[in-house]
Amino acid sequence: MNETRVAATGAAQNFFSLTPDQVLRAVERHGMRPTGHIMALHCLENRVYDLKLENDAHVVVKFYRPGRWTRAQVLEEHAFLLDLRKHEIPVCAPLVLSDGETCAEALGMYYAVWPRAGGRSPDELDDGQLRVLGRLLARIHNIGATGVMQHRPRLTSMRFIDTSLEELDRCPHFPPGIREAYREAAETLADIYDDLAEDVPWLRIHGDCHLGNLLKGPEGWFFLDFDDSLVGPAVQDLWLMIGDRGAVGEARARHLLEGYRQFRDFDDRWLALIEPLRGLRIVSFSAWIARRWSDPAFPSSFPEFPEETYWVSELQRLREQVELSEGLG
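Residues numbered from 1 in each chain as written. Predicted model: local features only at pLDDT ≥ 70, side-chain atom pairs only at ≥ 80, totals over all residues. Heavy atoms only, no water.

Trainee: Teacher, can you tell me more about the overall build of the chain here?
Mentor: Scanning the chain from N- to C-terminus turns up 11 helices and nine strands. Relative to the 2.2 N^0.38 estimate, which gives 20 Å for 329 residues, the radius of gyration of the chain is 21 Å and therefore close to what a compact globule would have. Oriented by its inertia axes, the alpha-carbon framework of the chain measures out at about 60 × 50 × 35 Å. Sorting the 329 residues of the chain into buried and exposed places 50% on the buried side. Across the chain, contacts joining residues at least 24 apart in sequence account for 72% of those joining residues at least 6 apart. Surface accessibility of the chain: about 16000 Å² in total, with carbon and sulfur atoms responsible for 49%. (Helix = DSSP H or I, 4+ residues; strand = E, 2+ residues; numbered from the N terminus. Rg over C-alpha atoms; globule rule 2.2 N^0.38 Å. Buried < 20%, exposed > 50% of the residue type's maximum accessible area, 1.4 Å probe, protein only. Contact = heavy atoms within 4.5 Å. Areas by Shrake-Rupley, 256 points an atom, 1.4 Å probe, with all protein chains shown as cover.)

This is the structure:
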């Protein structure tokens, strides 16, 4: 086993066995004085902790899962957030540490420290809130369009379909009898997405802008967790908030875009990307579970994943997305 693989294996072991003392020491290295109060926050992908400091402030420490992002990719996420904060856009940006960087390393893992943002995630959004969030998303995209990401991923069908299918082919829970039909539906969606996205402008975006990554607090809205930030079409950041299809989804889209267009242009033709994007998310989500199955948190969080009924349902969902996506544009 070469040195790189040994280091990666050691970092993965440290990730699963991370202790409160190790987290506290990591922030103490940068001059912070924690009281010892530490609380693990729910997060499947990373290890995230709330720490109280001696000045009564709280910080949130995120240890990135080893092997997922390079240091350059983490720093590009942080650069985007700092760029947004510089323009007074309400996002939760990482703190600059004592060495002048936002990304540190301990036990073979990258980590960063954020101020704690108070507030609650919304269950629903009314028409006025949708317009406000549309304006905020447009401002995010205006800044996103002024910079580049050289290391973060791009929202391509190769990454979200081809790579995901390769991951699923290695998954022992993926039923052989379903694989061919599943692959056919996924590849059809990939072709549709590629055709529809050909002339759509791409920019730096949040990437995973669902309601769980929004907080409403005393100071207003905050966008959280740019961990999946990437380069892609603007509609990726809108469709998760639009949610439902039909009359309800159309009304949400109308109010969201009413606010968005006050600060940034949006071509209605780009809405055709929503249905193929739903399909890409279906495939990449199952591939994510398959990739993380050795993590003890995943079997308990997704107990239905090894069952054939799960895959039959997923195939039905993909076929529905193909039907909805064909003929768009």
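So that's the structure; there's more coming.
Trainee: In this structure, what is going on with the sheet that holds strand β5 (residues 109-115)? I would like to understand it.
Mentor: Note on sheets: strands pair through backbone hydrogen bonds, and any given pair is parallel or antiparallel. One open sheet accounts for five strands, arranged β1-β2-β3-β5-β4; its pairing is antiparallel. Sheet topology places β1 (34-41) and β4 (104-106) at the edges, where each strand pairs with a single neighbour. Between one strand axis and the next, the sheet turns through 30 degrees on average, direction left out of account. The strands that helix α2 (residues 20-28) touches are β1, β2 (47-53), β3 (58-63) and β5; relative to β1, the one it contacts most, it runs at about 120 degrees. (Pairing = 2+ DSSP bridges. Axes fitted to C-alpha atoms, helices over the stretch in contact; angles between N-to-C directions.)

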